[in-house]
Amino acid sequence: MPSQLIEKHMRAENLPHIWCPGCGHGILMRNVVQAIDNLGLDHDKVVIVSGIGCSSRAAGYLDFNTIHTTHGRAIAFATGIKLANPELEVIVLAGDGDISAIGGNHLIHAARRNVGLTVVVFNNNIYGMTGGQYSPTTPKGEFGTTAPYGIIDRSFNIAELAQGAGASYAARGSAYHVQQTTAYIQQGILHKGFSLIDCASICPTYYGRKNKKGSAVDMMKWQKENAVMQEQAVKMTPEELKGKMIIGVLAHDNYPEFTVEYQKIIDRLAKEAEEREQK
Ligand SMILES: Cc1ncc(C[n+]2csc(CCOP(=O)(O)OP(=O)(O)O)c2C)c(N)n1
Ligand code: SF4
Ligand SMILES: [Mg+2]
């Protein structure tokens, strides 16, 4: 990361970070920092909320208002913060396990309610922090410490899950696609409703080793060589898309945002109370 970004936005006293060599999470954290820097957001107006996991460690390194919450509950905390002060840019950083397993209910309902949060998923297809248990995004047929004979579950596509639940902005990026991913995070922050950017990360230590994906460099090369842009993907057959990773914006719609609708009720009731007092 360029030193001026570190000086401006990072807690240097907490560095070096704890991520393994070759982990994709550092690249994704840099994309978040770059997006915030490009938008020139006021530090005091940014709140970073994380859950628990290797990915969630990012909150400790970023020099904004930050809160490192409990596993799976980052969106619940973030919703409370956004409701208390809708002026804040509330950004959730969390892993695939955090967001789509234990926190799956919070995800679908925040998307359905269109709460104005930006959720950036550091999706490494595994529970990294706890030693490589499979997550809802580990592909069927692959391995985790809790699936030594192969996974029989079908996996979630988190961006499609969020879109299906009503997210008004949903996109997919990756650790390899730095510029596109930064642009999607920026769009997500600017978007007034619920935004989710599902970012393919890499975990060479657990997912990579368990599934014989080679080195961190091999895993990055895989992302480069197997990415298909969303615009191309819609013209391809399911067979052609097998084993590919789709990058791009899936949804960008305008629905009423939750805290705006909530404020309308507060204003209406306040007006009615005032009218009653005047009678
Ligand atoms: C309530 C609760 N259940 C389980 C755990 C143990 N735990 C900590 S992190 C984690 C999974 C992390 O995976 P993910 O969210 O994908 O993040 P990653 O480490 O892969 O970045 C689990 C199960 C916990 N801390 N709290
Ligand atoms: S265990 Fe995996 S996700 Fe966690 S820091 Fe290491 S490479 Fe990254
Ligand atoms: Mg994970």
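Keep in mind it's a predicted model, so treat the numbers as computed, not measured.

Caption draft 1: Representation of the coordination of the magnesium ion (ligand 3) within the structure. Taken together, the protein ligands of the magnesium ion (ligand 3) are Asp96 (OD), Asn124 (OD1) and Ile126 (O), with distances of 2.1 to 2.2 Å. When the donor residues of the magnesium ion (ligand 3) are listed from N- to C-terminus, their spacing reads D-x27-N-x1-I. For the pair shown, Asn124 and Ile126 are each scored as buried.

Caption draft 2: Structural context of the nonpolar core. In terms of nonpolar packing, the biggest core is built from 38 residues, with Met29, Ile36, Ile48, Leu62, Ile91, Leu93 and Val120 touching the most fellow members. Per element, the largest residue contribution to this core is six residues, and it comes from helix 2 (residues 25–39). What Leu93 contacts, discounting residues up to four positions off in sequence, is Val32, Ile48, Val49, Ser50, Gly51, Ser56, Ala58, Leu62, Val120 and Phe122. Core analysis: the second largest hydrophobic core is formed by 28 residues, Ala74, Val92, Ile99 and Val115 among them.

Caption draft 3: Here's a closer look at the site of ligand 2. Lining the immediate surroundings of ligand 2 are Trp19, Cys20, Cys23, His25, Cys54, Asn124, Gly128, Cys203, Pro204, Thr205 and Tyr206. Element by element, the count of residues in the shell around ligand 2 is highest for helix 9 (residues 204–210), at three residues. Of the residues belonging to the shell around ligand 2, the class tally is seven nonpolar, four polar and no charged.

Caption draft 4: Representation of the sheet that holds strand 7 (residues 227–229) in the model. Taken in spatial order, the eight strands make up an open sheet running 2-1-3-4-6-5-8-7, and their pairing is mixed. Each having just a single partner strand, strand 2 (65–68) and strand 7 make up the two edges of the open sheet. Neighbour-to-neighbour, the strand axes of this sheet turn through a mean angle of 20°, independent of strand direction. Strand direction decides the pairing type here: strand 1 (residues 46–50) and strand 3 (residues 89–95), joined by five bridges, are parallel. Along strand 3, the bridge assignment pairs Ser50 with Leu93.

Caption draft 5: Structural detail: the side chain of Asn226. With respect to the helices and strands, Asn226 occurs in helix 10 (residues 216–226). Leave out the neighbours within four places in its chain, and Asn226 touches Gly243, Lys244 and Met245.

Caption draft 6: Quick peek at the site of ligand 1. Close to ligand 1 lie 17 residues, the nearest being Cys54, Ser55, Gly97, Asp98 and Gly128. For ligand 1, an oxygen atom lies 2.7 Å from a polar atom in the side chain of Ser55. The side chain of Asp96 places a nitrogen or oxygen atom 3.0 Å from an oxygen atom of ligand 1. Across the complex, the protein chains shield 73% of the 590 Å² of accessible surface that ligand 1 would expose by itself. For the shell around ligand 1, the residue count by class is six nonpolar, nine polar and two charged.

Caption draft 7: Just the environment of Leu15, in detail. With respect to the helices and strands, Leu15 occurs in the loop between helix 1 (3–9) and helix 2. Judged by its relative accessible area of 28%, Leu15 is partly exposed. In the structure, Leu15 is positioned 139 residues away from Arg154 in sequence and 38 Å away in space, judged by C-alpha atoms. Excluding residues that lie within four positions of it along the chain, Leu15 makes contacts with Ile6, Met10 and Tyr61.

Caption draft 8: Region of the structure containing the packing of aromatic side chains. Per the stated rule, a full pass over the model turns up two aromatic pairs. On the basis of an interplanar angle of 80° and a centroid distance of 5.4 Å, the ring pair of Trp19 and Tyr61 is categorised as edge-to-face. Of this pair, Trp19 sits in the loop between helix 1 and helix 2 while Tyr61 sits in helix 3 (residues 58–61); the two residues are 42 residues apart in sequence, bridging distant segments of the chain. Assigned by exposure class, Trp19 and Tyr61 land together as buried. Aromatic side chains Phe258 and Tyr262 sit 6.0 Å apart centroid to centroid with 20° between the ring planes, which places their arrangement in the stacked category. Of the two residues, Phe258 and Tyr262 are both situated in helix 13 (residues 258–278); the distance of four residues between them amounts to about one turn of the helix. Residue Tyr262 is classed as partly exposed on the basis of its relative accessible area of 43%. Between the NZ or CZ atom of Arg113 and the centre of the ring of Phe258, over which it lies, the distance is 4.6 Å.

About the thresholds
- Residues numbered from 1 in each chain as written.
- Chains lettered and ligands numbered in written order.
- Predicted model: local features only at pLDDT ≥ 70, side-chain atom pairs only at ≥ 80, totals over all residues.
- Heavy atoms only, no water.
- Donors = N, O, S within 2.8 Å, 3.2 Å for Na, K, Ca; no water.
- Buried < 20%, exposed > 50% of the residue type's maximum accessible area, 1.4 Å probe, protein only.
- Core = buried A, V, L, I, M, F, W, Y, C linked by side-chain atoms within 4.5 Å.
- Helix = DSSP H or I, 4+ residues; strand = E, 2+ residues; numbered from the N terminus.
- Contact = heavy atoms within 4.5 Å.
- Near = heavy atom within 4 Å.
- Nonpolar A, V, L, I, M, F, W, Y, C, P; charged D, E, K, R; others polar.
- Pairing = 2+ DSSP bridges.
- Axes fitted to C-alpha atoms, helices over the stretch in contact; angles between N-to-C directions.
- Polar contact = N/O pair within 3.5 Å; in protein donor to acceptor, adjacent residues only side chain to side chain.
- Areas by Shrake-Rupley, 256 points an atom, 1.4 Å probe, with all protein chains shown as cover.
- Phe/Tyr/Trp six-rings, centres within 6.5 Å; stacked < 30°, edge-to-face > 60°.
- Lys NZ or Arg CZ within 6 Å of the ring centre and 35° of its normal.

Don't take any of this as a statement about function, it's just geometry.
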